[in-house]
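Each chain is listed here by its residues.
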Amino acid sequence: MTADPTGIRFHLRTAHSSAEITQVGAALRALTVGGVDLVPRYPDDLPTPAASGVVLVPWPNRIRDGRYSFDGEDLQLAISEPKFGNASHGLLRFGTYEPVEQSDERLVLAADVVPQTGYPFHLRTRVTFVLEHDGLHVTHEIRNVGARTAPVALGVHPYLQIGGVDTADLVVRSTGTTTLVLDERNIPVDEVPVGPGTDLRAGLRLGDAALDNGYRGMERDAAGRAVHTLTAPDGRRVELWQDEGFRWAQVFTTDRYPGHPLAVAVEPMTAPANAFASGIDLDTVESGAEMRREWGVRFVA
């Protein structure tokens, strides 16, 4: 009998909803509300595909050549995306989290980012998942337990669907007003106003789109939340919200998700790709201080 490549699976349940979280990457592997699957499933014997649901810390997306400077020091990260020569998706994508607390409706997982090649800082991270009647609420806490101020960015990579509906027929809506222009290595080279093919404010059918875009300038409600939606032809929708600390969102479509001809990820991010090098919206967390961010998913039938 072989081990599960995603580690221990943690199950949450209410009378109307359920969720499954993996030990590897603290990934959201499944979410169901009223019998409707909101996260595309993948085979049990596979590692997490296409970063599905994982927590991306201490940076999301990519850093060109894995190089950056911080506090007067030039640093070189390991290259984890050899095809493009980038450092990709942080240092805990394949890390194992330990359970701190678990009940039927609540799970707390914890993992450290320890000082290592290119990142000589020490972070203690906790992810709290709270299952609700109509979805999931997630809280991230990142405490700097090292002696030095640390550069920190955070992202999550959830894929979403509405079970029983072809993802190509879903309409994605998001209120970002600017988007990033990427080079051949998927590194931003410019930020421009949204336009045809990238403007999601009025909605875009996913079957007519090819998206790998970082957005900012999103509308916020009174609580500072930005909301993205996927809407089925019958009006049902899944909403992903992110708090004001998540300044960016990446919307990504792919035909390489196992068992699905099309999949879409809506990814809250505190900073864009290459933020360690560019400094754009990069947070710095002093020794002993903590950074806290929240996001969630809600199904509206």
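Report follows, based on the coordinates. Note that the structure is a prediction, hence the values are computed from the model and not measured.

Cut-offs used in this document
- Residues numbered from 1 in each chain as written.
- Predicted model: local features only at pLDDT ≥ 70, side-chain atom pairs only at ≥ 80, totals over all residues.
- Heavy atoms only, no water.
- Pairing = 2+ DSSP bridges.
- Helix = DSSP H or I, 4+ residues; strand = E, 2+ residues; numbered from the N terminus.
- Buried < 20%, exposed > 50% of the residue type's maximum accessible area, 1.4 Å probe, protein only.
- Core = buried A, V, L, I, M, F, W, Y, C linked by side-chain atoms within 4.5 Å.
- Contact = heavy atoms within 4.5 Å.
- Salt bridge = Lys/Arg side-chain N within 4 Å of Asp/Glu carboxyl O.
- Polar contact = N/O pair within 3.5 Å; in protein donor to acceptor, adjacent residues only side chain to side chain.
- Phe/Tyr/Trp six-rings, centres within 6.5 Å; stacked < 30°, edge-to-face > 60°.
- Lys NZ or Arg CZ within 6 Å of the ring centre and 35° of its normal.

**Quick notes on the sheet that holds strand 11 (residues 106–113)**
Consider a sheet: its strands pair through backbone hydrogen bonds, and that pairing is either parallel or antiparallel.
Then step 1. The sheet built from 9 strands is open, its strands ordered 10-11-12-13-27-23-22-17-20 with antiparallel pairing. Only two strands of the sheet have a single partner each, and these edge strands are strand 10 (98–102) and strand 20 (204–205).
Then step 2. The sheet contact formed by strand 10 and strand 11 spans 4 bridges and is antiparallel. Paired with Pro 99 across the strands is Leu 109, a residue of strand 11.

**What to know about unusual backbone geometry**
Keep in mind that most residues, glycine aside, have a negative phi and that most peptide bonds are trans.
Then step 1. Residue Val 57 is joined to Pro 58 through a cis peptide bond whose omega torsion reads 10°.
Then step 2. Here Pro 58 is to be found in the loop between strand 5 (55–56) and strand 6 (62–64).
Then step 3. One non-glycine residue, Ala 26, lies in positive phi territory at about 50°.
Then step 4. Mapped onto the elements of the fold, Ala 26 is located in the loop between strand 2 (17–22) and strand 3 (28–33).
Then step 5. Accessibility expressed as a relative area gives 1% for Ala 26, which makes it buried.
Then step 6. Phi is positive for Asn 61, close to 65°, though the residue is something other than glycine.

**A look at the nonpolar core**
Then step 1. In terms of nonpolar packing, the biggest core is built from 71 residues, with Leu 31, Tyr 97, Tyr 119 and Phe 129 touching the most fellow members.
Then step 2. With near-sequence residues (within four places) excluded, Leu 31 lies in contact with Ser 18, Ala 19, Val 36, Asp 37, Leu 38, Val 39, Leu 131, Leu 136 and Val 297.
Then step 3. The next biggest cluster of nonpolar side chains, apart from the first, holds 6 residues, and it includes Tyr 42, Tyr 159, Phe 252 and Ala 265.

**Re the pattern of salt bridges**
Then step 1. Under the counting rule described, the total for this entry stands at 27 salt bridges.
Then step 2. Here Glu 239 ties to Arg 298 by a salt bridge, and the two come within 3.1 Å at their closest N and O atoms. One end of the pair, Glu 239, is in strand 23 (residues 237–242); the other, Arg 298, is in strand 27 (residues 290–300), with 59 residues separating them in the sequence.
Then step 3. Residue classification places Glu 239 among the buried positions, given a relative accessible area of 13%.
Then step 4. Overlapping salt bridges bring together Asp 4, Arg 9, Glu 20, Arg 29 and Asp 44 as one network.

**Some points on the environment of Glu 20**
Then step 1. One can find Glu 20 in strand 2.
Then step 2. Residue classification places Glu 20 among the buried residues on the basis of a relative accessible area of 10%.
Then step 3. C-alpha of Glu 20 to C-alpha of Phe 10: the two residues are 10 residues apart in sequence and 5.6 Å apart in space.
Then step 4. Non-local contacts of Glu 20, meaning those with residues more than four positions away in its chain, are made with Arg 9, Phe 10, His 11, Ala 27, Leu 28, Arg 29 and Ala 30.
Then step 5. A distance of 3.3 Å separates polar atoms of two side chains, one belonging to Glu 20 and the other to Arg 9.

**Here we look at the packing of aromatic side chains**
Then step 1. Here the structure, examined in full by the defined rule, presents 7 aromatic pairs.
Then step 2. Here the aromatic rings of Tyr 119 and Phe 276 are separated by 6.2 Å at their centres, their planes lie at 20°, and the arrangement is stacked. With Tyr 119 in the loop between strand 11 and strand 12 (123–132) and Phe 276 in helix 1 (residues 275–278), the pair connects residues that are 157 residues apart, well separated along the chain. For the pair Tyr 119 and Phe 276, one class covers both residues: buried.
Then step 3. Of the aromatic side chains, those joined through ring pairs into one cluster are Trp 59, Tyr 68, Phe 70, Tyr 119, Phe 121 and Phe 276.
Then step 4. Between the NZ or CZ atom of Arg 225 and the centre of the ring of Trp 241, over which it lies, the distance is 3.5 Å.

**Digging into the side chain of His 89**
Then step 1. You can see His 89 is positioned in the loop between strand 9 (86–88) and strand 10.
Then step 2. Given a relative accessible area of 7%, His 89 falls into the buried group.

**Topic: the sheet that holds strand 4 (residues 36–37)**
Then step 1. Strands sit in the order 1-2-3-4 across an open sheet of 4 strands; the sheet is antiparallel. The open sheet is flanked by strand 1 (9–13) and strand 4, the only strands paired with a single partner.

**Structural notes on the pairing of strand 1**
Then step 1. Of the two faces of strand 1, only one is covered, namely that formed by Phe 10 and Leu 12; the face formed by Arg 9, His 11 and Arg 13 stays uncovered.
Then step 2. Bridge analysis of strand 1 against strand 2 gives 5 bridges, and the strand direction is antiparallel. Residue pairing across strands places Arg 9 opposite Thr 22, the latter belonging to strand 2.
Then step 3. A loop of 3 residues connects strand 1 with strand 2, the two strands running antiparallel in sequence.

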